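Breakdown of the fold
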Amino acid sequence: MTSEPTPWRATVLTLFPDMFPGPLGVSLAGKALAGGLWALEARDIRASATDRHRSVDDTPAGGGPGMVLRADVLAAAIDEAAIASDRPHLLMSPRGRPLTQSQVVDLAAGPGPLIVCGRFEGIDQRVIEARGLEEVSIGDYVLSGGEIAAMALIDACVRLLPGVMGKQASGTEESFSEGLLEYPQYTRPQEFEGRQIPEILISGDHAKVAAWRLAQSEALTQSRRPDLWARKAAQRGTKSTTDG
Ligand code: ADE
């Protein structure tokens with residue numbers, strides 16, 4: 001008997017397991033999920049509550065608004081999930097380190113993470129430390145919980161798994177991993193509301209097309225993402241033109 005290799009797996013701990021697979025169940029990720037290219041397990045944190053009311057949160061020590069997820073309940077939920085120690089243990093949180101494409105590439109290459117979704121005002125710090133949770137943010141804005149952030153992270157990983165996207169992925173990947181934003185794209189019709197497709201793109205001159213695209217990517221990156229542009233410039237060992 002031949003055993004199938006274990007597919008990449010995301011184990012999500014949440015108070016709202018019904019939110020999953022949600023958008024991950026349709027389109028590219030959904031087809032790959034149905035096809036067994038990856039696996040998703042959404043576990044209810046509340047199932048690990050032990051008191052009569054199944055409470056998972058309590059008021060913050062020291063006072064203040066909102067509620068804090070209890071360390072004992074979340075630790076039990078993590079332990080009951082029996083996650084192999086080589087799988088990354090993540091906590092979605094606006095105070096985490098910002099997620100990057102290179103981290104996504106690393107996560108996609110591994111066995112797949114355990115992802116804890118925060119809610120309320122936060123999570124008891126002791127469980128973050130005791131279970132070695134790495135806090136990850138998807139941007140400098142506050143969502144009402146970690147679930148949508150977890151979905152974004154999972155989606156970014158799943159599209160990189162072998163067989164999920166085929167060769168479509170490569171173009172955008174290269175562009176982003178080289179630290180530049182994508183150049184603008186066009187397709188038929190040739191004219192739309194008086195706007196033409198740039199002449200060069202229909203010239204058939206591949207070298208000129210490539211040079212035009214690179215120039216567009218650079219100009220976009222410079223104006224919209226001076227942070228990326230500065231990093232790129234530093235890599236090249238030149239001084240950024242956006243520096244004051
Ligand atoms: N939970 C709430 N806001 C978040 C964010 N920006 N990133 C990750 N998790 C979050």
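Relevant structure appears above.
Residues numbered from 1 in each chain as written. Predicted model: local features only at pLDDT ≥ 70, side-chain atom pairs only at ≥ 80, totals over all residues. Heavy atoms only, no water.

1. Concerning helix α7 (residues 206-224)
The terminal C-alpha atoms of α7, which comprises 19 residues, lie 27 Å apart, in line with the 27 Å expected from a rise of 1.5 Å per residue. Buried within α7 we find Val 209, Trp 212, Ser 217, Leu 220 and Thr 221. Projection of α7 onto a plane perpendicular to its axis shows the buried side chains occupying an angular sector of 160 degrees, all on one side. Summarising the geometry of α7, the exposed residues directed more than 90 degrees from the buried face are Ala 207 and Ser 223. The inward-facing, buried residues of α7 abut α8 (226-236). The N-cap residue of α7 is Asp 205: its side-chain oxygen and the backbone nitrogen of Ala 207 are 3.3 Å apart. (Helix = DSSP H or I, 4+ residues; strand = E, 2+ residues; numbered from the N terminus. Expected span 1.5 Å × (residues − 1). Buried < 20%, exposed > 50% of the residue type's maximum accessible area, 1.4 Å probe, protein only. Arc of directions from axis to C-beta. Contact = heavy atoms within 4.5 Å. Polar contact = N/O pair within 3.5 Å; in protein donor to acceptor, adjacent residues only side chain to side chain.)

2. Some points on the sheet that holds strand β4 (residues 68-69)
Reading across from one edge, β3-β4-β7 is the order of the 3 strands in this open sheet, with mixed pairing throughout. Edge positions in the sheet fall to β3 (57-58) and β7 (122-123), since each has one partner strand and no second. Relative to β7, β4 runs parallel, the two sharing 2 bridges. Bridged to Leu 69 within β7 is Ile 123. (Pairing = 2+ DSSP bridges.)

3. Let's talk about the pairing of strand β1 (residues 8-14)
The side chains of a regular strand alternate between the sheet's two faces. Where burial is concerned, most of β1 is hidden: 6 out of the 7 residues are buried. Once you follow β1 into helix α1 (residues 27-34) and on to strand β2 (residues 38-44), the crossover reads as right-handed. Two strands pair when backbone bridges link them, and β1 and strand β6 (residues 114-117) are joined in this way by 3 bridges, in the parallel orientation. In the sheet register, Val 12 faces β6, and the bridge partner there is Ile 115. (Right-handed = clockwise from strand over helix to strand, strands pointing away.)

4. A few points about the packing of α7 against α8
Where α7 contacts α8, the two axes come as close as 5 Å, and the packing angle between them is 120 degrees. The orientation of α7 with respect to α8, classified from their angle, is oblique. Mapping the contact onto sequence places Glu 218, Thr 221, Gln 222, Ser 223 and Arg 224 in α7 and Pro 226, Leu 228, Trp 229 and Arg 236 in α8. A breakdown of the residues in the contact of α7 with α8 according to their chemical character gives 3 nonpolar, 3 polar and 3 charged. (Axes fitted to C-alpha atoms, helices over the stretch in contact; angles between N-to-C directions. Parallel < 35°, antiparallel > 145°, perpendicular 65-115°, else oblique. Nonpolar A, V, L, I, M, F, W, Y, C, P; charged D, E, K, R; others polar.)

5. Some details on a nonpolar patch on the surface
A cluster of nonpolar side chains, contributed by Tyr 141, Leu 143 and Ile 148, occupies part of the molecular surface with about 290 Å² of accessible area. As for its placement among the helices and strands, Leu 143 is situated in the loop between β8 (134-137) and α5 (147-158). (Patch = residues over 30% accessible without salt bridge, like charges linked within 9 Å, V, L, I, M, F, W, Y side chains within 5 Å. Areas by Shrake-Rupley, 256 points an atom, 1.4 Å probe, with all protein chains shown as cover. Salt bridge = Lys/Arg side-chain N within 4 Å of Asp/Glu carboxyl O.)

6. A closer look at the packing of aromatic side chains
Under the defined criterion, the tally for this structure stands at 1 aromatic pair. Ring geometry for Trp 8 and Trp 38: centres 6.3 Å apart, planes at 55 degrees, overall tilted. With Trp 8 in strand β1 and Trp 38 in strand β2, the pair connects residues that are 30 residues apart, well separated along the chain. Among the residues examined, Trp 38 registers a relative accessible area of 2% and is labelled buried. (Phe/Tyr/Trp six-rings, centres within 6.5 Å; stacked < 30°, edge-to-face > 60°.)

7. Digging into unusual backbone geometry
With an omega dihedral of 0 degrees, the bond running from Phe 20 to Pro 21 counts as a cis peptide bond. Here Pro 21 lies in the loop between β1 and α1. Arg 188 connects to Pro 189 through a cis peptide bond whose omega is 5 degrees. Along the polypeptide, Pro 189 turns up in the loop between α6 (168-177) and β9 (191-192). For Ala 82, which is not a glycine, the phi torsion comes out positive at approximately 45 degrees. Tracing the sequence through the fold places Ala 82 in the loop between α2 (71-80) and β5 (89-98). The exposed category is assigned to Ala 82, whose relative accessible area is 62%. Although it is not a glycine, Glu 193 sits at a positive phi angle of roughly 45 degrees. As for its placement among the helices and strands, Glu 193 is situated in the loop between β9 and β10 (195-196).

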